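One letter stands for each residue in the lines below.
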Amino acid sequence: MARNLQDHILQTASALFYSQGIKATGVDAIVKAAGTTKMSLYKYFPSKDDLVLAHLSKSREAMLNRILIGMEQRASEPKQKLLTVFAVFDELSSSPEFRGCPFINAAAEFAEAANPVQRAAAEFSDTFQQVLTDLARQAGARDPETLSQQLAMLISGAMVSEQRRRESGAMRTAAAAAKVLIEQSLACAE
């Protein structure tokens, strides 16, 4: 039962953090929405900061799984996976529940470089970019690190654009630009 309550609190907090913002969501709102007590919340998460970091850890795992599974379902070749990652993000940003990238949002709320939330957001970004670098290398890109940085920037920009203006088609536009970059990088490698 204890593990279920801990998971329930984290799930509730994650939903509120994502939909309302981390700083805007107080412990009282989390306790009320979870149907529990502050004492129970603090038993599992000694501070709101601990809860926020648990939320980002949970989000990191879920987002990476969704990206990797989404690419695997859509493509088998590294080059195609680089392109289909945009389809995965387009699907994410098309959801009615979409409120932007949880890591971009968290980084914006906690802008200080030394803040643990900022570091957790940067860790996700680094991990995701490494996935892209590995795929770019497997595809034979001339400069896999630069290509992965370019693709990650296109995705981040499209996520923010889509958050700001829903159904803008930003991710599809980013995918078209990515195709050009990928083709250019692979052609230069030959």
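Everything in this summary refers to the structure shown in the same document. Computed from a prediction, not measured in an experiment: that's the story for all the values here.

Concerning the packing of aromatic side chains
At step 1: Across all of its chains, the model carries three aromatic pairs by this definition.
At step 2: Between Phe89 and Phe128, the aromatic rings sit 5.5 Å apart at their centres with planes inclined by 70°, giving edge-to-face as the arrangement. With Phe89 in helix α5 (residues 78-94) and Phe128 in helix α7 (residues 116-139), this residue pair connects regions lying 39 residues apart in the sequence.
At step 3: According to the relative accessible area criterion, Phe89 is buried, its value standing at 3%.
At step 4: Among the residues examined, Phe128 registers a relative accessible area of 6% and is labelled buried.

Regarding α7
At step 1: With 24 residues, α7 should cover 34 Å at 1.5 Å per step; its first-to-last C-alpha distance of 34 Å lies within 8% of that length.
At step 2: Where the residues of α7 are buried, they touch α4 (48-74), α5, α6 (102-109) and α8 (144-164).
At step 3: At the N-terminal end of α7, a side-chain oxygen is found 2.7 Å from the backbone nitrogen of Val117, two or three residues along, and the residue is Asn115.
At step 4: Just downstream of α7, Gly140 is the residue with a positive phi angle, here 95°.

Each value, and the rule that gives it
Residues numbered from 1 in each chain as written. Predicted model: local features only at pLDDT ≥ 70, side-chain atom pairs only at ≥ 80, totals over all residues. Heavy atoms only, no water. Phe/Tyr/Trp six-rings, centres within 6.5 Å; stacked < 30°, edge-to-face > 60°. Helix = DSSP H or I, 4+ residues; strand = E, 2+ residues; numbered from the N terminus. Buried < 20%, exposed > 50% of the residue type's maximum accessible area, 1.4 Å probe, protein only. Expected span 1.5 Å × (residues − 1). Contact = heavy atoms within 4.5 Å. Polar contact = N/O pair within 3.5 Å; in protein donor to acceptor, adjacent residues only side chain to side chain.

Interpretation in functional terms is not warranted from these geometric data alone.
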